[in-house]
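Close look at the chain arrangement
Now for the letters of each chain:
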Amino acid sequence: MSAAPAHSRSAEPTEPTEPAERTGSTRPAKGARPAKRTRTVKVVKRVGRDRTRHLLGLSARYLTLVLMLVVMLGPIVWQFLTSIRGRTENVYDGVLPSQPTLDNYVRVADSFPLLQYVGNTLTVAVLAITSNMLFAAMGGYALSRAGWKGRKAVFTVLVATLMFPFESVMISMFLTVREMGLVDTLVGVWLPGAVSVLNIMIMRASFLSVPKEVEEAAVLDGANEWTRFTRVFLPAAKGALAVVCITSFMGAWDDFLWPLLVLTDSDHYTLQLGLKSLAGATTVNDQRIIAAGAMAALIPMMLLFFALQRFFFKGVGEGAVKT
């Protein structure tokens, strides 16, 4: 019996290998990364990049909102902090007052007839809100309904009037009010703003958004024109009516130029004229009192907005569908 060759005994044993086509195995060669694992890693990296971009975009949006909030509310907050500073404090010394007090609001009421001016302004504002909500709704409804001649011409003329600033027509408006004998009256202050073209356009757009099927169903039920207007279209335009209410109130509450032209008697002054007289008075030279008066004029608008803001996001056809 012959001995095995020396090189066969010294050689290290090796694992038997079989061709892939013989064994049917698809296992990759030793040291190679599986294709499935490669795809998983790529997906994880792509998800990570998308998440990073999403977080960066979200952070940029929130940063922009914070900057806008600071720019818009910064002066109001500064004015409020100034209005509650004590008499011995420097207005420009720091941000927060060291001796906060509400005494400045009492001094405002003592410096000029605040309640009387607020009452005059509220009278004009209530008249403006009532007339705008009524006439703007009726005008918007008429412009949103087809079937009468001249509708497009009237709409074009109304839109064209928005191009003219108030300063270009205030002289003719003053002459008209004077001929009517309404100078130095609160009715003369209210009359030019009894209805706004912008409010008519807002109501028209709201009424156009009401589905035609709702109106047709009301017609089949026997509803006449006035019933459709009050029972179908007005409930569907709650959001638009809230916008009209707030814009009318702001226009009447903040108006300064027109009351300055019309009113001469201080007993008929609105709040803005009263604040102007307060700022120009020689006996009042205190920024704290002026800031307190400005905050007193701002608070009613903020209360009205917070009371009606929930109507802004209501759907136009929500009220009509429910009714």
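Residues numbered from 1 in each chain as written. Predicted model: local features only at pLDDT ≥ 70, side-chain atom pairs only at ≥ 80, totals over all residues. Heavy atoms only, no water.

1. Brief notes about the overall build of the chain
Applicable threshold: In DSSP terms, a helix is any run of H or I states spanning at least four residues, a strand is any run of E spanning at least two, and both are numbered starting from the N terminus. Think of it in three bands: residues with accessible area under 20% of the maximum for their type are buried, residues over 50% are exposed, and the middle band is partly exposed, with areas taken using a 1.4 Å probe on protein chains only. Contacts between residues were defined by any pair of non-hydrogen atoms, one from each residue, lying within 4.5 Å.
Per the secondary structure count, the chain includes 16 helices and zero strands. By residue count, 31% of the 323 residues in the chain fall in the buried class. For the chain, restricting intrachain contacts to residue pairs at least 6 apart in sequence, the fraction spanning at least 24 positions comes to 71%.

2. Thoughts on unusual backbone geometry
Residue Asp184 is not a glycine yet carries a positive backbone phi of 65°. On the secondary structure map, Asp184 appears in the loop between helix 7 (170–179) and helix 8 (186–190). Asp184 gets classed as buried once you look at its relative accessible area, which sits at 18%.

3. What about the pattern of salt bridges?
To keep things clear, this is the line we draw: Each reported salt bridge corresponds to a side-chain nitrogen of Lys or Arg within 4 Å of a carboxyl oxygen of Asp or Glu.
Under the definition given, this model contains three salt bridges. One salt bridge connects Glu215 with Arg228, and the closest N-O pair in it is separated by 3.8 Å. Of this pair, Glu215 sits in helix 10 (residues 212–220) while Arg228 sits in helix 11 (residues 225–236), and the two are 13 residues apart along the sequence. Accessibility classification places Glu215 together with Arg228 in one group, the buried group. The residue Glu225 makes a salt bridge to Arg228 at a minimum N-O spacing of 2.6 Å. Taken as a pair, Glu225 and Arg228 lie in helix 11 at a separation of three residues, close to a single helical turn. Residues joined by salt bridges that share partners form a network here, namely Arg145, Glu215, Glu225 and Arg228.

4. So, the side chain of Thr82
Take Thr82: it is sitting in helix 3 (residues 35–83). According to the relative accessible area criterion, Thr82 is buried, its value standing at 5%.

5. As for the packing of helix 6 (residues 151–161) against helix 9 (residues 197–208)
Packed helices, taken two at a time, are described by the angle their axes make and the gap between the axes. For clarity, the threshold we go by: The convention used is that axes are lines fitted to C-alpha atoms, helices contributing only their stretch in contact, and that angles between N-to-C directions extend from 0 to 180 degrees. Oblique is the label for any angle not covered by the other classes, which are roughly parallel (under 35 degrees), roughly antiparallel (over 145) and roughly perpendicular (65 to 115). Note on convention: near helix rotated counterclockwise from far helix by under a right angle means a left-handed crossing. Clockwise means right-handed. All residues other than Ala, Val, Leu, Ile, Met, Phe, Trp, Tyr, Cys, Pro, Asp, Glu, Lys and Arg, Gly among them, are scored as polar; the first ten of these are nonpolar and the last four charged.
Helix 9 packs onto helix 6 with a crossing angle of 130° between their chain directions and a minimal axis gap of 9 Å. Considered as vectors, helix 6 and helix 9 are oriented oblique to each other. Of the two elements, helix 6 crosses helix 9, and the hand of that crossing is left-handed. Packed against helix 6, whose contacting residues are Phe155, Leu158, Val159 and Thr161, the element helix 9 presents Val197, Met201 and Arg204 at the interface. Residue composition of the contact of helix 6 with helix 9, by class: five nonpolar, one polar and one charged.

6. Looking at the side chain of Arg288
Definition in use: Residues adjacent in sequence count toward polar contacts only when both atoms are side-chain atoms; beyond that, a polar contact is any pair of N or O atoms within 3.5 Å, and within protein one must be able to donate a hydrogen and the other to accept it.
Tracing the chain through its elements places Arg288 in helix 15 (residues 287–308). Within the structure, Arg288 has its side chain in polar contact with the backbone oxygen of Gly86 (distance 2.8 Å). When residues no more than four places from it in sequence are discounted, the contact partners of Arg288 are Thr82, Ser83, Arg85, Gly86, Arg87, Glu89, Asn90, Val91 and Asn104.

7. Side note on the layout of surface pockets
Using the following cut-off: Buriedness for pockets is judged along seven lines, at least five of which must meet protein on both sides within 12 Å for an open set on the 1 Å grid over protein atoms alone, while cavities are sets there where a 1.4 Å probe fits but cannot get out, and lining residues have an atom within 4 Å of a point. Grid points are joined across faces, edges and corners, and a volume is the space filled by probe spheres set on the points.
Computed from the structure, the largest pocket encloses a volume of approximately 950 Å³. For the largest pocket, the lining is made up of 28 residues, of which Phe166, Pro192, Gly193, Val195 and Ser196 are closest to its centre. Secondary-structure elements contributing two or more residues to the lining of the largest pocket are helix 5 (114–144), helix 8, helix 9, helix 12 (238–254) and helix 13 (257–262). With five residues, the single largest contributor to the lining of the largest pocket is helix 12.

8. Here's the deal with the nonpolar core
The tendency in soluble globular proteins is for nonpolar side chains to be buried side by side. Our working definition: To define a nonpolar core, start from buried Ala, Val, Leu, Ile, Met, Phe, Trp, Tyr and Cys residues and group those joined through side-chain atoms within 4.5 Å.
Grouped together as the largest cluster of nonpolar side chains are 36 residues, with contacts concentrated most on Phe112, Phe249, Leu271 and Leu308. Within the residue set of this core, elements represented by two or more residues are helix 5, helix 8, helix 12, helix 13, helix 14 (271–280) and helix 15. At eight residues, the largest contribution of residues to this core is made by helix 15. Residues contacting Phe249, with those up to four places away along its chain left out, are Leu122, Ala125, Ile129, Pro300, Met301 and Leu304. Residues Met203, Val210, Ala218 and Phe229 belong to the second largest nonpolar core, which totals 21 residues.

9. Re a nonpolar patch on the surface
How we decide: Here, patches come from residues exposed beyond 30% relative accessible area and free of salt bridges, joined within 9 Å for like charges and within 5 Å for nonpolar side chains (Val, Leu, Ile, Met, Phe, Trp, Tyr). The accessible surface values rely on the Shrake-Rupley method and a 1.4 Å probe; as for residues, cover is taken only from the protein chains in view.
Together, Tyr62, Leu65, Met68, Leu69, Val71, Met72, Leu73, Ile76 and Val77 line one region of the surface with nonpolar side chains, adding up to about 890 Å² of accessible area. Among the secondary structure elements, Met72 is positioned in helix 3.

10. Re helix 15
Which entries qualify depends on this criterion: By this rule the span expected of a helix is its residue count minus one, scaled by 1.5 Å. Fitting one axis to the seven residues ending at a residue and another to the seven starting there, the bend at that residue is the angle between the two axes.
Its 22 residues place the ends of helix 15 32 Å apart at the C-alpha level, agreeing with the 32 Å of an ideal helix rising 1.5 Å per residue. Maximal helix bending in helix 15 amounts to about 25°, located at Leu298; proline Pro300 follows within four positions. Buried within helix 15 we find Arg288, Ile289, Ala291, Ala292, Gly293, Met295, Ala297, Leu298, Met301, Leu304 and Leu308.

11. So, the packing of aromatic side chains
Which entries qualify depends on this criterion: Any two of the Phe, Tyr and Trp rings considered here, Trp counted by its six-membered ring, make a pair once their centres fall within 6.5 Å; the pair's planes then place it as stacked at under 30 degrees, edge-to-face at over 60, or tilted in between. Here, a charge over a ring is recorded when the distance from Lys NZ or Arg CZ to the ring centre is within 6 Å and its angle to the ring normal is within 35 degrees.
Here the structure, examined in full by the defined rule, presents nine aromatic pairs. Ring geometry for Tyr141 against Phe207: centres 6.0 Å apart, planes inclined by 85°, an arrangement best described as edge-to-face. In this pair, Tyr141 sits in helix 5 while Phe207 sits in helix 9, placing the two residues 66 residues apart along the sequence. Across the pair, exposure class does not vary: Tyr141 and Phe207 are buried alike. Members of the aromatic cluster, connected to one another through ring pairs, are Tyr141, Phe207, Trp226, Phe229 and Phe233. One residue, Arg85, lies across the ring of Trp78, its end atom 5.8 Å from the ring centre. Directly above the aromatic system of Phe155 lies the positively charged group of Arg204, at a separation of 4.1 Å from the ring centroid.

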